[in-house]
Amino acid sequence: MTRQEKFSPEVTGETRDPLTDSRADAFGGNLHVGYWMDEHDEAPAAQATDHLTDLVAERLEVVPGERVLDVGSGTGRPAVRIATARDVHVTGVTLSEYQVHLAEARPEAGQGQGRADFQLADAMWLPFDDASFDAAYAIESLLHMENPAAALGEIARVLRPGGRFVVGEWYLLDSLTGDAAEAMEDLSRGFHVHFVPTIEEFYEEMDRAGLKIEIFHDIGVNVGRSFRLVDDLLPASAMRLGGEIAEQLTVCGEIYRRFGQIPQISYALFTAVRR
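Every value quoted in this text rests on a predicted model; they were computed, and no experiment measured them. (Residues numbered from 1 in each chain as written. Predicted model: local features only at pLDDT ≥ 70, side-chain atom pairs only at ≥ 80, totals over all residues. Heavy atoms only, no water.)

Caption draft 1: Representation of the environment of Val-223. Mapping Val-223 onto the fold places it in helix H8 (residues 220–223). A residue is classified by how much of its surface remains accessible, and Val-223, at 0% relative accessible area, is buried. (Helix = DSSP H or I, 4+ residues; strand = E, 2+ residues; numbered from the N terminus. Buried < 20%, exposed > 50% of the residue type's maximum accessible area, 1.4 Å probe, protein only.)

Caption draft 2: Quick peek at the packing of helix H2 (residues 45–60) against helix H3 (residues 77–86). Relative to each other, H2 and H3 sit at 55°, their axes nearing to 10 Å. Our classification of the angle between H2 and H3 gives oblique. Here H2 and H3 pass one another in a crossing that is right-handed. The segment H2 lies against H3, with Ala-46, Asp-50, Thr-53, Asp-54, Ala-57, Glu-58 and Leu-60 engaging Arg-77, Pro-78, Arg-81, Ile-82 and Arg-86. Tallied by class, residues from the contact of H2 with H3 come to 5 nonpolar, 1 polar and 6 charged. (Axes fitted to C-alpha atoms, helices over the stretch in contact; angles between N-to-C directions. Parallel < 35°, antiparallel > 145°, perpendicular 65-115°, else oblique. Left-handed = near helix turned anticlockwise from the far one by under 90°. Contact = heavy atoms within 4.5 Å. Nonpolar A, V, L, I, M, F, W, Y, C, P; charged D, E, K, R; others polar.)

Caption draft 3: Structural detail: the nonpolar core. Ranked by size, the top nonpolar core spans 56 residues in total, and within it Val-90, Tyr-137 and Trp-170 carry the most contacts. Tallying contributions element by element places H2 first for this core, with 7 residues. In terms of nonpolar packing, the next biggest core, distinct from the first, is built from 32 residues, Ala-136, Met-145, Ile-155 and Ala-268 among them. (Core = buried A, V, L, I, M, F, W, Y, C linked by side-chain atoms within 4.5 Å.)

Caption draft 4: Representation of helix H7 (residues 199–209) within the structure. All buried positions along H7 are accounted for by Phe-202, Glu-205, Met-206 and Ala-209. Down the axis of H7, the buried set is contained in an arc of 100°. They therefore lie on one face. Exposed residues pointing more than 90 degrees away from the buried face of H7 are listed as Glu-200 and Arg-208. Looking at the buried side of H7, the elements it contacts are helix H5 (148–158), strand S5 (159–172), strand S6 (211–218) and strand S7 (265–274). (Arc of directions from axis to C-beta.)

Caption draft 5: Focus on H2. Along its 16 residues, H2 runs 23 Å from first to last C-alpha, staying within 8% of the 22 Å computed at 1.5 Å per residue. Burial of H2 is extensive: 12 of the 16 residues sit out of reach of the surface. Of the positions making up H2, those classed as buried are Ala-45, Ala-46, Ala-48, Thr-49, Asp-50, Leu-52, Thr-53, Leu-55, Val-56, Ala-57, Arg-59 and Leu-60. Backbone geometry just downstream of H2 places Glu-61 in the positive-phi region, at approximately 55°. (Expected span 1.5 Å × (residues − 1).)

Caption draft 6: Main features of the confidence of the model for the protein. Per-residue confidence for the protein averages 90 on the pLDDT scale, and 90% of its residues sit at or above 70. When the criterion is pLDDT under 50, residues 1–13 qualifies, and its contacts beyond four places in sequence or with other chains add up to 29 contacts. (pLDDT = per-residue confidence, 0-100.)

Caption draft 7: Representation of the packing of aromatic side chains in the model. Per the counting criterion, the structure on display carries 14 aromatic pairs. Put simply, the rings of Phe-27, Trp-170, Phe-191, Phe-227, Tyr-256, Phe-259 and Tyr-267 pair up and form one aromatic cluster. Positioned above the aromatic ring of Phe-133, the side-chain terminus of Arg-67 is 4.5 Å from the ring centre. (Phe/Tyr/Trp six-rings, centres within 6.5 Å; stacked < 30°, edge-to-face > 60°. Lys NZ or Arg CZ within 6 Å of the ring centre and 35° of its normal.)

Caption draft 8: Expanded view of unusual backbone geometry. The phi torsion at Ala-131 lies on the positive side, around 55°, for a residue other than glycine. As for its placement among the helices and strands, Ala-131 is situated in the loop between strand S3 (116–120) and strand S4 (133–139). For Ala-131, a relative accessible area of 41% gives the class partly exposed. One non-glycine residue, His-192, lies in the positive phi region at around 55°. Within the element layout of this structure, His-192 appears in the loop between helix H6 (178–191) and H7. His-192 gets classed as exposed once you look at its relative accessible area, which sits at 55%.

Caption draft 9: Broad picture of the sheet that holds S7. On the basis of which strands lie adjacent, the open sheet formed by 7 strands has the order S3-S2-S1-S4-S5-S7-S6 and mixed pairing. At either end of the open sheet lies a strand with only one pairing partner, and these are S3 and S6. Averaged over all pairs of adjacent strands, the angle between strand axes in this sheet comes to 20°, irrespective of strand direction. Note: strand S1 (residues 67–71) against S4, 3 bridges, orientation parallel. Within S4, the residue paired with Val-68 across the bridge is Ala-135. Across the face of the sheet, H3 comes into contact with S1, strand S2 (89–94), S3 and S4 while running at roughly 150° to S3. Against the sheet, helix H4 (residues 97–104) contacts S2 and S3, and its axis sits at roughly 165° relative to S3. (Pairing = 2+ DSSP bridges.)

As structure tokens, then:
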């Protein structure tokens, strides 16, 4: 998929979510940021966002036949990409019924090795047995958790001892004041963001849950171009849709743009292990 192509899966029997669809348009079918090697890397959106998925997959260190949990599976693109590339079974959970329908419409969706299934479930109350997954990952979903401690505890519970948990997430380099704090408050209201911790808070929350962070990489410089994708595509989506939806998209685009200008915000890719 190129930046010009639209994300338009065949989904029936479910009301569309224009914000999800517009974000997927901007991010090449994914709902997470892209990863560019450097300022000279001209990869299109789909390639850059898939690159981040591939970095997550590498850090999972899974082998064929193992079970992987995707916490906040979005459109399902990362789950099926990891399932097919690593020959594992991925189970994705999300609170969005629409996103479950999007993901289940993918030809790679289903049960068995090399495929992915999707469920409507809350990460704070996962419907799985203890130690039922070999690995887990969360790409930009922890920030939406109303009770991140409960979610991390549940993720640790369903991971086997020694299982890896890979996270791609925004975090704070320093405390926020003034315009930056206001921008974060707008993000919290507009995108239901509840958890943007400092690096120290990440380590503390993981440790309390029984997860030990072993590798922590700041990749903020590699993902910053993602904000331009929203600038490029959301206005066009707003004009096409019109009405209240257009107004909502315009407001969301402005909030996201302001978030990208906060200097105390960066992005981490890190790996924790279940003790």
